[in-house]
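Given next are the chains, with one letter for each unit.
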Amino acid sequence: MRKFALNPFFYYFLGFTIAIVLLSLGVSGIYPEVDLELLTFILFTTIAALFFVFFLSDVSLKKLNNSFSRIIKTHRRNSIFIFGLLLILFLIDCLSVMTIPLVEVVLGRSYRYSSFGVPILHAFVITYSSIVCFSYFLKYQNFKEKHYLYTFIFALSISLLMVNRAVFIYNIIGITAIYLAFKANTKVVKNVLLFLVGTVFVFSLLGNLRTISDTKDNLVNTHTSSLRDVARIEKTWFPDVLVWPYMYLVSPYGNLQEDFKRSQNYNYGIEQVPKVISQSILPDFISKRLTNDFEKSIYENYLIEDTFNVSTGYAGMVKIYGLYGMIIFFIYYVFFMAFFIIFSPSKNFAILMAGLCSTSFLLIFTNGLYNLTQFSFPFLVVILSRIRFGNYYFL
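Conventions we followed
- Residues numbered from 1 in each chain as written.
- Predicted model: local features only at pLDDT ≥ 70, side-chain atom pairs only at ≥ 80, totals over all residues.
- Heavy atoms only, no water.
- Helix = DSSP H or I, 4+ residues; strand = E, 2+ residues; numbered from the N terminus.
- Contact = heavy atoms within 4.5 Å.
- Phe/Tyr/Trp six-rings, centres within 6.5 Å; stacked < 30°, edge-to-face > 60°.
- Lys NZ or Arg CZ within 6 Å of the ring centre and 35° of its normal.
- Axes fitted to C-alpha atoms, helices over the stretch in contact; angles between N-to-C directions.
- Parallel < 35°, antiparallel > 145°, perpendicular 65-115°, else oblique.
- Left-handed = near helix turned anticlockwise from the far one by under 90°.
- Nonpolar A, V, L, I, M, F, W, Y, C, P; charged D, E, K, R; others polar.
- Patch = residues over 30% accessible without salt bridge, like charges linked within 9 Å, V, L, I, M, F, W, Y side chains within 5 Å.
- Areas by Shrake-Rupley, 256 points an atom, 1.4 Å probe, with all protein chains shown as cover.
- Salt bridge = Lys/Arg side-chain N within 4 Å of Asp/Glu carboxyl O.
- Buried < 20%, exposed > 50% of the residue type's maximum accessible area, 1.4 Å probe, protein only.
- Lys, Arg positive; Asp, Glu negative; His and termini not counted.
- Core = buried A, V, L, I, M, F, W, Y, C linked by side-chain atoms within 4.5 Å.
- 1 Å grid on protein atoms, 1.4 Å probe; cavity = no way out; pocket = protein on both sides within 12 Å on 5 of 7 lines; lining within 4 Å.
- Points joined across faces, edges and corners; volume = space filled by probe spheres on them.
- Polar contact = N/O pair within 3.5 Å; in protein donor to acceptor, adjacent residues only side chain to side chain.

Draft legend 1. Spatial organisation of the overall build of the protein chain. Helix and strand counts for the protein chain stand at 18 helices and two strands. At a minimum sequence separation of 6, the contacts of the protein chain that also span at least 24 residues come to 79%.

See the structure below:
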């Protein structure tokens, strides 16, 4: 199971397969008929991803086994150091709005996540909290000491305090991958399934809280009485608690189909290549400084319903360069993942792979490689693995 559990290509395969299977259930009535050309491309890439799982399995397994055998047992003081460092960074990040986001939404106040966080620091806090989350979860699984557990829980809770569902799911995917790889047996699979059920509940709760907050701030539609109505759920047997997770998984593919359909009318020329590189390959913190129409080209997707506003990791490319852009992005994705699988050191390799697995799965929602936090994750793991603060480790 370890061959699959901590391999990013497997999570690309898993993510898009789940989205396509759920879409085929026909639970929601807002989606158009499936575009065969787009479906063929997605199926081809999922099969290719599965091929790379096996093609790179020897290299990956050797490094994973070495990584698991070299887990450093740090002292309780190191856990306190990490806990305190994360707390200080989080509180500084909260200074931008002088409050904690979760408190705002629980109290029913208007809150916009986009206004939260100190620039640059916010990205670092998110990335570092995810690294600590994976690292201390792995340490706890190996050594079973409570100070590792407490630090892990706090690192995971930062995404909840920020009401950032994307980061929360990113962390959940990563720790699930580590758990499956570290303890591969039938009992573990059952525990993971129960854990995912709880995750779905928390995700739905956060989704409802964010929807209430966004509605007060006029960020989502208010002309319908419930999310079930907005999603046009046609199956009476489908429970309300699963509406948010279901729509969150399948709506990106539906929106991608809208983008793909409209992209067929575009003219593709060599002059578009720099735009392809700057707005879908280079990380966003660089792209924002290279082009004036960054916000429009990246974030204005053609949506089936305004409430569900994400369009997979291919959205930026398909709007600029259509099917050719999607092919370019998949090649870039393969090279990025393969590079870290092949050339990363064995030390903390499991942590690095956990982040890349999350990024790969989340391509059904967004281009994580374009996002500073996810793009910087593997680089930051390698850097922090090599440095200390006196006698204290950062991982």
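Draft legend 2. Layout of the packing of aromatic side chains. The full count for this structure, using the stated rule, is 41 aromatic pairs. Geometry around Tyr 136 places Lys 139 over its ring, the cationic atom sitting 5.8 Å from the centre.

Draft legend 3. Structural detail: the packing of helix H2 (residues 8-24) against helix H3 (residues 36-55). Packing of H2 against H3 leaves a shortest axis separation of 8 Å and a crossing angle of 150°. The angle between H2 and H3 places the two elements in the roughly antiparallel class. Handedness of the H2/H3 crossing: left-handed. Of the residues in H3, those in contact with Phe 9, Phe 10, Tyr 12, Phe 13, Phe 16, Thr 17 and Ile 20 of H2 are Leu 39, Ile 42, Leu 43, Thr 45, Thr 46, Ala 49, Leu 50, Phe 52 and Val 53. Here the contact of H2 with H3 is built from residues that sort into 13 nonpolar, three polar and no charged.

Draft legend 4. Up close: a nonpolar patch on the surface. A cluster of nonpolar side chains, namely Met 1, Val 189, Leu 193, Phe 195 and Leu 196, defines an oily patch on the protein surface of about 420 Å² accessible area. The topology assignment puts Leu 196 in helix H10 (residues 186-216). Given the relative accessible area of 34%, Leu 196 is considered partly exposed.

Draft legend 5. Representation of the side chain of Lys 139 within the structure. By the element assignment, Lys 139 lies in helix H7 (residues 121-143). No salt bridge is formed by the buried Lys 139; the nearest opposite charge belongs to Glu 145, separated by 9.9 Å.

Draft legend 6. A look at the packing of helix H16 (residues 315-343) against helix H18 (residues 372-384). The contact between H16 and H18 brings their axes to 11 Å, and the two run at 20°. Relative to H18, the element H16 lies roughly parallel. As H16 runs across H18, the sense of the crossing is left-handed. The residues of H18 that touch H16, namely those facing Tyr 332, Phe 336 and Phe 340, are Phe 375, Pro 378 and Phe 379. Tallied by class, the residues present in the contact of H16 with H18 amount to six nonpolar, no polar and no charged.

Draft legend 7. Layout of the nonpolar core. Residues Leu 6, Phe 9, Phe 134, Met 247, Tyr 314 and Tyr 333 are the most contacted members of the largest nonpolar core, which totals 119 residues. Tallying contributions element by element places H16 first for this core, with 15 residues. The residues contacting Leu 6, other than those within four sequence positions of it, are Ser 60, Leu 64, Phe 68, Ala 177, Ile 178, Ala 181, Ala 350, Met 353, Ala 354 and Cys 357.

Draft legend 8. Region of the structure containing empty space enclosed by the protein. Within this structure, the stated rule accounts for one cavity of 30 Å³ or more. If you add up the space inside the largest cavity, you get close to 190 Å³. Lining the largest cavity are 15 residues, and of these Ile 72, Lys 139, Lys 347, Asn 348 and Leu 395 sit closest to its centre. It is H7 that contributes the most residues to the lining of the largest cavity, three residues altogether. Taken together, the residues of the lining of the largest cavity break down into eight nonpolar, four polar and three charged.

Draft legend 9. The pattern of salt bridges, seen in detail. Summed over the entire model, instances satisfying the criterion amount to two salt bridges. Of the charged contacts in the structure, one is a salt bridge between Glu 145 and Lys 73, with a shortest N-O distance of 3.0 Å. One end of the pair, Glu 145, is in the loop between H7 and helix H8 (146-161); the other, Lys 73, is in the loop between helix H4 (57-69) and helix H5 (76-94), with 72 residues separating them in the sequence. On the basis of relative accessibility, which here comes to 51%, the residue Lys 73 falls in the exposed class.

Draft legend 10. Broad picture of the side chain of Ser 129. Among the structural elements, Ser 129 can be located in helix H7. Of the residues examined, Ser 129 reaches a relative accessible area of 2% and is grouped as buried. Side-chain polar atoms of Ser 129 contact the backbone oxygen of Ile 126, separated by 2.8 Å. If near-sequence neighbours (up to four positions away) are discounted, Ser 129 is found in contact with Leu 86, Ala 155 and Ile 158.

Draft legend 11. Main features of the environment of Gln 141. Position of Gln 141 relative to the elements: it lies in helix H7. Between the C-alpha atom of Gln 141 and that of Phe 182, which follows or precedes it by 41 residues, the distance is 8.0 Å. Discounting chain neighbours no more than four positions away, the residues touching Gln 141 are Tyr 179, Phe 182 and Lys 183.

Draft legend 12. Main features of unusual backbone geometry. The phi angle at Lys 144 is positive, at roughly 60°, despite the residue not being glycine. Inspection of the secondary structure puts Lys 144 in the loop between H7 and H8. In this structure, Asn 348 is a non-glycine residue whose phi angle is positive, near 60°. Inspection of the secondary structure puts Asn 348 in the loop between H16 and helix H17 (349-361).

Draft legend 13. Summary view of the environment of Asn 164. Along the polypeptide, Asn 164 turns up in the loop between H8 and helix H9 (165-182). Linking Asn 164 and Pro 101, residues 63 residues apart in sequence, is a C-alpha distance of 9.2 Å.

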